[in-house]
Amino acid sequence: DTGVSQNPRHKITKRGQNVTFRCDPISEHNRLYWYRQTLGQGPEFLTYFQNEAQLEKSRLLSDRFSAERPKGSFSTLEIQRTEQGDSAMYLCASSLEQGVNYGYTFGSGTRLTVV
Amino acid sequence: GENVGLHLPTLSVQEGDNSIINCAYSNSASDYFIWYKQESGKGPQFIIDIRSNMDKRQGQRVTVLLNKTVKHLSLQIAATQPGDSAVYFCAEKRDAGNKLTFGGGTRVLVKP
């Protein structure tokens, strides 16, 4: 297992288009998270899954955003009708549910640029 | 690549010296804290963590100190190396869901 994998690494899209990102977590991790990071800021929580259940969504996650984890393994994050304000790095992380070390590991992110 | 660290506080340190990065957290109910290192174009990389029932934890060349009285967290890097140049974030976990809340970040520049 090589860690958390995200695809694509970079995405440039025109305003109004839809985009979808994929995250493959560490295989034994049952929790998966999406964060957004803008330049000069720390990552901000968007949503998380425990197995296939989406258990929490941030108020940052507008109705144009939807995330799925259909089989409790990989996850997708879709943004519909993209806006310039959606330009950011989208990070995925995974962890164990509990334990001494949660193993909270981030992927390298998908850099979205909306033009 | 992505320029992580614009407009962040910057710590310049001479190679071989020790570095201390500070972080204030806001929620006294936070029970778990992590330090991450982030290089340009990459995701945050786990450095070290500490639970709220501990005051200090040591790793390889790194030590994290937790002062719950003043809600302060610090990361000490011994014998700083050029490869330590990056942006460092502290993060706190506030609830059972493992959601992390990140601090503002500090950029470390190591001078040869």
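Our subject is the structure that appears above.
The following paragraphs examine the structure supplied in this document. The shown structure was predicted, so the numbers you read here are calculated from the model rather than taken from an experiment.

## Comments concerning the environment of Glu44(A)
And then number 1: Secondary-structure assignment places Glu44(A) in strand 5 (residues 44-50).
And then number 2: Once you skip the residues sitting within four places of it in the chain, Glu44(A) turns out to touch Trp34(A), Tyr35(A), Arg36(A) and Leu60(A).

## Describing the pairing of strand 6 (residues 53-57) of chain A
On a regular strand, each side chain points to the face opposite its neighbour's, so the side chains alternate between the two faces of the sheet.
Residue and element names in this part refer to chain A.
And then number 1: Pairing of strand 5 with strand 6, which is carried by 4 bridges, proceeds in the antiparallel orientation. Bridged to Phe 49 within strand 6 is Gln 54.
And then number 2: Hairpin connection of strand 5 to strand 6: 2 residues between the antiparallel strands, including Asn 51 at a positive phi of 55°.

## Remarks on the sheet that holds strand 7 (residues 72-77) of chain B
Residues and elements named next belong to chain B.
And then number 1: Overall, antiparallel pairing links the 4 strands, which are arranged 2-7-6-5 in an open sheet. The open sheet has two edge strands with one neighbour each: strand 2 (19-24) and strand 5 (56-58). Shown here is a sheet whose adjacent strand axes are inclined to one another by a mean of 15°, direction ignored.

## Comments concerning the pattern of salt bridges
And then number 1: Counted according to the given criterion, the structure contains 9 salt bridges over all chains.
And then number 2: Across the pair Lys99(B) and Glu56(A) runs a salt bridge whose closest N-O atoms are separated by 3.0 Å. Here Lys99(B) is found in the loop between strand 8 (86-93) and strand 9 (100-102), whereas its partner Glu56(A) is found in strand 6 on a different chain.
And then number 3: The class for Glu56(A) is partly exposed, based on a relative accessible area of 25%.
And then number 4: Asp49(B) is paired through a salt bridge with Arg57(B); the nearest N and O atoms lie 2.2 Å apart.

Definitions and cut-offs
- Residues numbered from 1 in each chain as written.
- Chains lettered and ligands numbered in written order.
- Predicted model: local features only at pLDDT ≥ 70, side-chain atom pairs only at ≥ 80, totals over all residues.
- Heavy atoms only, no water.
- Helix = DSSP H or I, 4+ residues; strand = E, 2+ residues; numbered from the N terminus.
- Contact = heavy atoms within 4.5 Å.
- Pairing = 2+ DSSP bridges.
- Axes fitted to C-alpha atoms, helices over the stretch in contact; angles between N-to-C directions.
- Salt bridge = Lys/Arg side-chain N within 4 Å of Asp/Glu carboxyl O.
- Buried < 20%, exposed > 50% of the residue type's maximum accessible area, 1.4 Å probe, protein only.

These values are about where atoms sit, not about what they do.
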